[in-house]
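Residue-level structure breakdown
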Amino acid sequence: MSARLTPPQRAPAPGEAMALSALFTRLDDLVAWSRKHSLWPFNFGLSCCYVEMATALTPVYDQARFGAEVIRSTPRQADLLIVSGTVFHKMAVPLKRLYEQMREPRWVISMGACANSGGMYDVYPVVQGVDSFLPVDVYVPGCPPRPEQLMDALVLLQQKIAAERRPLGITLGGFQPGPTEPRPFDPVPRRDRLQPERAAATRLADPEST
Amino acid sequence: MSLDAALPGDPVADLRARFGPRILAVQETAEDFPVLWVAPEAAVEVHRFLREEIAQPFALLADLWCIDEAGRTHRTGQPASGVTVCTHLVSLGRNADIRLKIACDAEAPAMPTLTGVYPNADWYEREAFDMFGVRFEGRTHHRRILMSPLWDGHPLRKSHYARATERPPFRMTDAHFDATEAAMQPDPEGWGHPLARDGHELMVLNFGPHHPSTHGVFRIVLGLDGEEVIWAEPDIGYHHRGAEKMAERQTWHGFIPYTDRIDYLGGVIHELPYLMAVERLCGITVPPRAQCIRVMLSEFYRILSHLLFYGTMAQDTGAMSPVFYMFTDRERIHRIMETITGGRMHPAFFRIGGVAMDLPTGWDRLVRDILEWLPPRMDEYERMVLKSELFRIRTQGIAAYDTATALEWGTTGPQLRATGCDWDLRKRRPYSGYEQYDFDVPIGLHGDCFDRTWVRAEEIRQSLRIIRQCLDNMPGGPVKADHPLTTPPPRGAMLQDIETLIHHFLAVSHGTVVPAGEATGQVEGHRGVTQYAIVSDGGTESHRTRIRTPSFAHLQMIPKVAPGLTVADLVVYIAAIDFVMSDVDR
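A quick note: this is a predicted structure, and the numbers were derived from the prediction, not measured. Note on numbering: residues in each chain are counted from 1, in written sequence order. Here every chain gets a letter starting at A, and every ligand a number starting at 1, in the order they are written. pLDDT decides what is reported in this predicted model: residues at 70 or higher carry local features, side-chain atom pairs at 80 or more are listed and counted, and totals for whole chains, interfaces and linings draw on all residues regardless.

Further remarks concern the overall build of chain B. Here a helix means four or more residues in a row that DSSP labels H or I, a strand means two or more in a row labelled E, and each is numbered from the N terminus. Looking only at helices and strands, chain B features 22 helices and 17 strands. Taken over C-alpha atoms, the radius of gyration is set against a globule rule of 2.2 Å times the number of residues to the power 0.38. For 586 residues, the compact-globule formula gives about 25 Å, and the C-alpha radius of gyration of chain B, at 24 Å, lands near that figure. With the C-alpha coordinates aligned to their principal axes, the bounding extent of chain B is approximately 80 × 60 × 60 Å. For chain B, buried positions account for 52% of its 586 residues. At a minimum sequence separation of 6, the contacts of chain B that also span at least 24 residues come to 69%. Three classes are used. A residue is buried when 20 or more other C-beta atoms lie within 10 Å of its own, exposed when 12 or fewer do, and partly exposed in between, with C-beta atoms placed from the backbone. C-beta atoms are first placed from the backbone for all residues, and any pair lying within 7 Å is then listed as a contact.

Quick look at the overall build of chain A now. Counting its secondary structure elements, chain A contains seven helices and three strands. Out of the 210 residues in chain A, the part that is buried amounts to 37%. The contacts in chain A between residues at least 6 apart in sequence include a share of 76% that link residues at least 24 apart.

All names here are of chain B. Judged by how many residues are buried, strand β5 (residues 96-104) sits mostly within the fold: eight of nine residues are covered. Note on pairing: DSSP must find at least two bridges between two strands before they are called paired. Examined bridge by bridge, strand β2 (residues 35-38) and β5 share four bridges and lie parallel to one another. By the bridge assignment for β5, L36 is matched with L100. Here strand β4 (residues 83-91) runs beside β5; their pairing, made up of nine bridges, is antiparallel. Paired with L89 across the strands is I98, a residue of β5. Adjacent in sequence and paired antiparallel, β4 and β5 are bridged by four residues, among which N95 carries a positive phi angle near 55°.

Right, let's talk about the environment of P11(B) for a bit. Residue and element names in this part refer to chain B. Following the sequence through the fold, P11 ends up in helix α1 (residues 11-19). Exposure remark for P11: the 24 C-beta atoms within 10 Å place this residue in the buried category. C-alpha separation for the pair P11 and I98, spaced 87 residues apart in sequence, amounts to 8.3 Å. Leave out the neighbours within four places in its chain, and P11 touches P34, L50, I54 and I98.

As a further point, take the sheet that holds strand β15 (residues 517-524) of chain B. Residue and element names in this part refer to chain B. Strand order in the open sheet made by the three strands is β15-β16-β17, with antiparallel pairing throughout. Of all the strands in the sheet, the pair left with one neighbour each is β15 and β17 (544-548). Geometrically, the sheet is characterised by an average inter-axis angle of 10° between neighbouring strands, direction not taken into account. Lines are fitted to the C-alpha atoms to define the axes, a helix being fitted only along its stretch in contact, and any angle between axes, read from their N-to-C directions, falls within 0 to 180 degrees. Running over the sheet, helix α8 (residues 271-282) touches β15 and β16 (529-536) and is turned about 145° from β15.

With 38 residues of chain A in contact, the opposing surface of chain B contributes 39 residues. For the side of chain A that touches chain B, the secondary structure elements donating two or more residues are α3 (48-57) and α4 (89-101) of chain A. In terms of residue count, α4(A) provides more of the side of chain A that touches chain B than any other element does, eight residues in total. Considering only residue class, the side of chain A that touches chain B consists of 22 nonpolar, twelve polar and four charged. When residue character is reported, Ala, Val, Leu, Ile, Met, Phe, Trp, Tyr, Cys and Pro are called nonpolar, Asp, Glu, Lys and Arg charged, and the others, Gly included, polar.

Another point: the environment of D28(A). Residues and elements named next belong to chain A. Turning to its location among the elements, D28 is positioned in helix α2 (residues 27-36). Assessed through the 14 C-beta atoms surrounding it within 10 Å, D28 is described here as partly exposed. Here the alpha-carbon distance between D28 and E197, two residues 169 residues apart in the chain, equals 29 Å.

Attention shifts here to the sheet that holds strand β3 (residues 138-140) of chain A. Residue and element names in this part refer to chain A. If you walk across this open sheet you meet the three strands as β1-β2-β3, and the pairing is parallel. Whereas interior strands pair on both sides, the edge strands pair on one side only; in this sheet they are β1 (80-84) and β3. Pairs of neighbouring strands in the sheet enclose a mean axial angle of 15°, with direction left out of account. When strand β2 (residues 107-111) meets β3, the two strands line up parallel, connected through three bridges. Looking across to β3, one finds that S110 is bridged to Y139. Taken strand by strand, α3 contacts β1 and β2, and its axis lies near 130° from that of β1.

The next subject is the packing of helix α10 (residues 321-341) of chain B against helix α11 (residues 363-386) of chain B. Residue and element names in this part refer to chain B. Interaxial distance between α10 and α11 falls to 11 Å at its minimum, and their mutual angle equals 165°. Judged by the inter-axis angle, α10 sits roughly antiparallel to α11. Considering only the axes of α10 and α11, their crossing is left-handed. Two secondary-structure elements touch here, α10 through S321, P322, D329, R332, I333, I336, T339 and I340 and α11 through W363, L366, V367, I370, W373, L374, R377, Y381, M384 and V385. In terms of residue class, the contact of α10 with α11 is made up of 13 nonpolar, two polar and three charged. Note on angle classes: values under 35 degrees are labelled roughly parallel, values over 145 roughly antiparallel, values of 65 to 115 roughly perpendicular, and the remainder oblique. Should the near helix be turned anticlockwise from the far one by less than a right angle, the crossing is termed left-handed; should it be turned clockwise, right-handed.

With that settled, the discussion passes to unusual backbone geometry. The phi angle of most residues is negative, glycine excepted, and most peptide bonds adopt the trans form. Cis peptide bonds are those with omega within 30 degrees of zero, and the linkage from C143(A) to P144(A) qualifies with -15°. For P144(A), the location among the structural elements is in the loop between β3 and α6 (147-163). Each neighbour pair has its own omega, and for T487(B) with P488(B) the value is -20°, a cis peptide bond. Note on placement: P488(B) falls in the loop between α16 (449-472) and α17 (491-496).

A few words on the packing of helix α9 (residues 288-316) of chain B against helix α21 (residues 567-577) of chain B. Residue and element names in this part refer to chain B. Contact geometry of α9 with α21 gives a least axis separation of 9 Å together with a crossing angle of 180°. Judged by the angle between their axes, α9 and α21 are roughly antiparallel. On α21, the residues touching T312, M313 and D316 of α9 are V571, V572, A575 and A576.

Take the environment of A80(B) next. The residue A80(B) is located in the loop between β3 (60-68) and β4 in this model. It is 9.1 Å that separates the C-alpha atoms of A80(B) and E69(B), two residues lying eleven residues apart in sequence.

Moving on, we get to the confidence of the model for chain B. As a per-residue measure, pLDDT reflects the predictor's confidence and takes values from 0 up to 100. Looking at chain B, pLDDT values average 90 and 99% of them are 70 or higher. For this predicted complex, the interface score ipTM comes out at 0.86, while the overall pTM is 0.87.

Rendered as structure tokens:
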């Protein structure tokens, strides 16, 4: 989906005026497009990677080009959690709490080797990968990843969000909201549905076998 | 403070005369300061003598740590010990150090507390308890400091597992979540803080571990009367990454990348003290060109870190623009670092006996460009930040302390120099050839947040002076020492003679074997005195690597300085400390 604004050169003919001022699209597409271009990252940093994450916001890299420069300091206003750095044992519970305080829809980028898998730090106080307790949308390799790599991840995430279908109305066979109950996301995103199973996985498929 | 009084006597002789047989032994080491074993019952008296009674006293407790002696074979001449508690004292007047060791039992290690002599022993003792289970008699509490209160065991004991993968994978169960949150609830009464002042109930504010102005995962619990801070209780350990345990597993060479990440804004700065200690044990002399490259890169990273401080300091007082300008300058320097080392933040460029490779063709042009670029920018920043009336109002007279207080709490680096104390290891104990450079040590006057900012801004200019001299006088010759333990050995020699090839093969397949012994490397880091104390047992990895980081000491001082500040001023004070949590928790 794309839109282009052109300044009127002359008074448009009837019919043409409508084509210039009206946009025909599906509501789902419009919502996905808006979400894609208005990510509000959470101002959250764990360690080294946070410095590169902050660098991505500064003029040389200018993350604002991707519509994702509005850094929010409270999780309640943010929808993108970038886990930038080592997930420490003592920090895991506060991190989980912060994630839960973010409102849906919310996305998670796991930035750097430590957040992906523990990286260099297979050592007692480090959780071996944030995906053991949070669902991750995009993994960024590197120690630390360059700001360009984080932007690459942002673009990947945008593509994913643009393709995401979250029905806005009531779906067939879905949950019927009662008068007081809050409406859950319906259907549950595949990422969230598979998270417990993925977190519990200890053996990955042999890459040679596929 | 006068640092140039008459030369005092030998502290070892003074101690022997005073304490006789309670000085158990003088240990032979490769160090250039004495290492003494002290009877546990005399520990407090000996420390008090050195701090209060001796001429030109040892005012600074730089570090206190433990060594688990289990499995250590090379201990000739040392008294029997299960867990050894070490203290490292510094006398500024003498420009000399002394290290004391106290032997403890392996099963139930205990010794008297030193907090009555050195107040900053408090956090170090908590760390010793947390990591080794050492109990300090006379303390009011033994609370963990780095690990979660629910942690089981003392991680730096040799009996404790090292790898996370030796245990079942981490599971975030509801029970774990609830128990951890309950254990982390603020407990002012348990910490010994009042809940009211003059009949007003205090507001207890939990600040962190996630907060934009704590510069990392750091938590302080505040007792507030209105906006005024009555008490502050810092809680650290959210960034504990087990680097010291890592050193006992990685080869001597393989630990170098981890030193970069001890202070992730310091780049190569932490590599230097570690390698100075290893090279001292190996007896390696680093060739002049390698020394000069080391100095030049260290100064570049000092500028990088100070620029980030300068920008965030301005940001925390409410000025948004400077940090954006300064980050563009950081990018310019990062590009040079990348050309020379291949890395941005974590170059891992220094090697045992030199540096990884020679400077690339055209490095001088890049360095010359930045030397022309930065000084006018620094003038502009001075107009933007230091001369701004708003910045002055927010920082002058805020969180000020004097030299004696700074030393009492183990403060070093720019914060100590901001109090007017002329203490910079690059001048006082030149290493890596710093004695050949012409530079000044900026010192402040008031010891407040403004002076701390000014000192660092001025240090950027001095670092540029040093880099200019590196550029103009870069020596020729090899970038690695001609020594069998240089790792990896010079490639040309490795291809030519069998002796070097054997060492190369051993180092790569087995790991470099560093001679048994103890050695220390100290540098003036961008935040203060950074010290690596290593113990080799003649193996391919260290028996113990102790990393003394300046930020740990600086955070311990917060409860002393914070009372009386408003919350907004506390944020400025925290910014002016200029810490990163990796440098605190390691």
